[in-house]
Structure formats: structure tokens, C-alpha cells
Amino acid sequence: MSSSTSSPGVGGQMVTQVNMVALGVVQIMIGLVVFLFGIPFALEGWSILVTHSGTFVWGALLYMVTGSLTLAAGKFSNICMMKAARSLSISSAVTSLITAVLQSVDASVAPSTEFLGVLSVFHFLQCAVSITVTVFSFLIIGDCKCDKQAPTITFANGNASVAAQAPPTQAELP
């Protein structure tokens, strides 16, 4: 599997699309584990907040969708997919952090704190992976240019001739 896009990372390491594929697979697996571990909570009613909020279903689905989009963005090197994966990863990070807090509160009340502790670890792992995907997508796309200049407009006299120019290419931009 070869990577077509790579950017310099922190400490001289290379950030590539292969990393995005691996992180996408990890997100899908975390979503599956959260969903499968959440089923006993729903059936037995062990957990109060997690069962009533339904985060084991919609949170797991969000993780799997985010992972699928991250995997597709890594495989096909599409900037639009990469931006969508970044957006979903941000929402996934927020969701996983909120769910981990809910499960930590639930662990103090529910009798089965071992499962809640394991699920909390998976939610914190999902938060870390989502933040990593977000950072990698910024490095790959190179979207962090804050010093873009506004276009300038030049007015010419009515007698002067103006030659049409093509817009600058990506290589010509600073």
C-alpha cells in the first residue's frame, strides 16, 4: 500500500494517508466494542445514565461512521473527504469525552463498575484517536495558513489596455 500524500510531522516523522487508514480502522473497532459492550447494559438495566441516554448506540454509530470516513479519506486522498473526516472527528471527540464522563458518574452508582471502567477507557481512547485524526488532517491538507492576503483590485484609465492574467497556481502562493 503506497501513500501519495505525506507531510512533515513533528520531530521529523512523516504523516501519511496510511496513518489515516489505520486510525480509521481503530475508530471502527472502538465503535463495535462500545456497541457490543453496551448491549448487556440495555438488557439488564445495570447502568442508569448510559442506558437512558443511548450513548452506547448513537455514540458507537458515530464512531463507526467517523472511522469509515477517515478510512476512505486515507485510501482515496480526497481533500473533501479529509475535511469531512476532520469535522466528524471533532464531534466524535466531544461525544466520547461526554460519554466517558457519564460513565464515570454511572460507575459510582451502578453495581457493575468493571464494565463501565472498561468502556470509559475505550471512550477516552476514541477521544485521543479523534484528536489525532484532526491533527493529522490539518498536517496533510496544510489548511493552517492564517496569513492569506486579500486580493487587490487595480483600476486603470479608460485608454489603458489591460492584459488578462490567470490566477496564481498553488506553487506560486506563499
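Residues numbered from 1 in each chain as written. Predicted model: local features only at pLDDT ≥ 70, side-chain atom pairs only at ≥ 80, totals over all residues. Heavy atoms only, no water.

For the rest of this paragraph, the subject is the overall build of the chain. Along the chain, the regular secondary structure elements total five helices and two strands. By residue count, 33% of the 174 residues in the chain fall in the buried class. Look at the contacts in the chain between residues 6 or more apart in sequence, and 72% of them connect residues 24 or more apart. Accessible area of the chain: about 10,500 Å², with a carbon and sulfur share of 68%. (Helix = DSSP H or I, 4+ residues; strand = E, 2+ residues; numbered from the N terminus. Buried < 20%, exposed > 50% of the residue type's maximum accessible area, 1.4 Å probe, protein only. Contact = heavy atoms within 4.5 Å. Areas by Shrake-Rupley, 256 points an atom, 1.4 Å probe, with all protein chains shown as cover.)

With that settled, consider the packing of aromatic side chains. Following the criterion strictly, the structure yields one aromatic pair and no others. Residues Phe37 and Phe122 carry aromatic rings whose centres are separated by 6.4 Å and whose planes lie at 80 degrees to one another, so their mutual orientation is edge-to-face. Taken together, the residues Phe37 in helix 1 (residues 17-44) and Phe122 in helix 5 (residues 113-141) connect sequence positions 85 residues apart. Taking the ring centre of Phe138 as reference, the NZ or CZ of Arg86 above it sits at 4.2 Å. (Phe/Tyr/Trp six-rings, centres within 6.5 Å; stacked < 30°, edge-to-face > 60°. Lys NZ or Arg CZ within 6 Å of the ring centre and 35° of its normal.)

Moving on: the confidence of the model for the chain. The pLDDT averaged across the chain works out to 77; a share of 72% of its residues lies at or above 70. Per-element averaging of pLDDT across the chain places strand 1 (residues 6-8) at the bottom with 51 and helix 3 (residues 55-76) at the top with 90. With pLDDT under 50 throughout, residues 9-13 is counted as low confidence; its partners more than four residues away or in other chains account for four contacts. (pLDDT = per-residue confidence, 0-100.)

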